[in-house]
Every structure is written in C-alpha cells, then in structure tokens.
Amino acid sequence: SYDIVIVGGGFAGMAAAYAAIQNGADTLLIEKLSTTGGNSAINGGQYASYTSKLAKGLQEKFNLETDTAEKHIADTIKGGDNMGKLSLVTEMVYAAPVYFDLLLDNGLRTREVLARPGGHYGFRTYVTENQVGSDITNLQLEMLKKIDAEIQLETKMVEIYRTRDAENRVVGIRAATKD
C-alpha cells in the first residue's frame, strides 16, 4: 500500500516519482523493463521549455525572440491536433522550466543550442550533450537514488482498480513481477 504508485520509468514517470517523494508521499515506481528509461532513454535528448536558466543567454547569443508560456501552450495544443486538454497542457508548460532547471542544477549538460521544432513558433528546445534521452533518464535515476526512491523493475501493471461511482477514481493496480 502506497500513497502513489507510478507506472513507467521514463521521463514523466521518474519526474512524477521525484516530485511525489519530495512532497512527502509514500511512493512506488514500477517499470516493466529491467531498467528505467524506456523510450525516453532512446529519444534525441530534447527538452522543450519556453524559458530556463539558459534561455536568456542563448536568446541573446543567437538573436532570438523571447518565448512565452502562452505561445508554448498554443503550439502544443495545435501540435496535438487540438485534442489536448488545455488545463493539462498549461500545467506541463508552466512546470517545464522548473523541472529543466532542477535537472541543470543536478548536472544535466546541454549543447549550446536552442532549437525550434517543426510547427513551433518559439525556439524552446534544448538538446542534451550527447543528443540522447539517456542523458536525462540516467540523471533522473541518480536523483531518485539520492532520495531513496522505491523502484520495482520487471513489474508490469496488468489491471487498474477504480471506484464504482461517478468519480471513477483509480484506487489501486494489480501488477505482475518477473516471479
């Protein structure tokens, strides 16, 4: 029994586990693979954030316009074919610089570049030193180990238990371990 069980040890799962533990929740992170990282570890090492500790210097160096949260939100909604939930996209956009700065404070190294992915208005995409997502996921795992996070590898979620009322809240899961 835990306050929070997080399913998946990629970028989002490890960020959620870190935040939950830092806020005092008894937390378990489960990952179906034998290591954390998932697809996040093999992406191009990119992180989108409308601002950061690095933003002003890179914007000045490359003569780029200052980006805004509103433009990042609009681009994200448009990029998702207007199917994204505005409140969740807004939360993601405003949290992006907070977590990116936390990664930088914990040693994340990036290239001296600020990219603009296709369809985006702003130059807001940072690229890790080795251009691979494992630069981020390996750091996230180190951060979780420092705070004694409980992580169960080779543990696959197989069922979600919900309340049987109008709220339909998640109240638990069933998982299968390698045993």
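Before going into details, it helps to say that this report is about the structure given with it. Because the structure is a prediction, the values reported are computed rather than measured. (Residues numbered from 1 in each chain as written. Predicted model: local features only at pLDDT ≥ 70, side-chain atom pairs only at ≥ 80, totals over all residues. Heavy atoms only, no water.)

## Some details on the overall build of the protein chain
Phase 1: When helices and strands are tallied, the protein chain shows five helices and seven strands.
Phase 2: Beginning at the N terminus, the succession of helices and strands in the protein chain can be written as β-α-β-β-α-α-α-β-α-β-β-β.
Phase 3: Considering the protein chain as a whole, with its 179 residues, one finds that 36% of them fall into the buried category.
Phase 4: Pairs at least 24 residues apart make up 58% of the contacts formed inside the protein chain by residues separated by at least 6 positions.
Phase 5: Here the protein chain displays about 10,800 Å² of accessible surface, and carbon together with sulfur accounts for 50% of that area.
Phase 6: Considering the protein chain, the positive charge centre built from 19 side chains and the negative charge centre built from 23 side chains are found 4 Å apart. (Helix = DSSP H or I, 4+ residues; strand = E, 2+ residues; numbered from the N terminus. Buried < 20%, exposed > 50% of the residue type's maximum accessible area, 1.4 Å probe, protein only. Contact = heavy atoms within 4.5 Å. Areas by Shrake-Rupley, 256 points an atom, 1.4 Å probe, with all protein chains shown as cover. Lys, Arg positive; Asp, Glu negative; His and termini not counted. Charge placed at Lys NZ, Arg CZ, Asp CG, Glu CD.)

## A look at the side chain of Thr128
Phase 1: Locating Thr128 in the fold gives a position in the loop between β4 (125–127) and α5 (134–146).
Phase 2: Take Thr128: its relative accessible area is 2%, and that puts it in the buried class.

## So, the pairing of strand β1 (residues 4–7)
Successive side chains on a regular strand alternate, one facing one side of the sheet and the next facing the other.
Phase 1: Pairing geometry for β1 and strand β2 (residues 27–30), over four bridges, is parallel. Bridge pairing in β2 links Val5 to Leu28. (Pairing = 2+ DSSP bridges.)

## Some details on the environment of Thr76
Phase 1: If you trace the backbone, Thr76 turns up in helix α3 (residues 69–79).
Phase 2: Assessed through its relative accessible area of 22%, Thr76 is described here as partly exposed.
Phase 3: For Thr76, the contacting residues outside a window of four places in its chain are Val89, Met92 and Val93.

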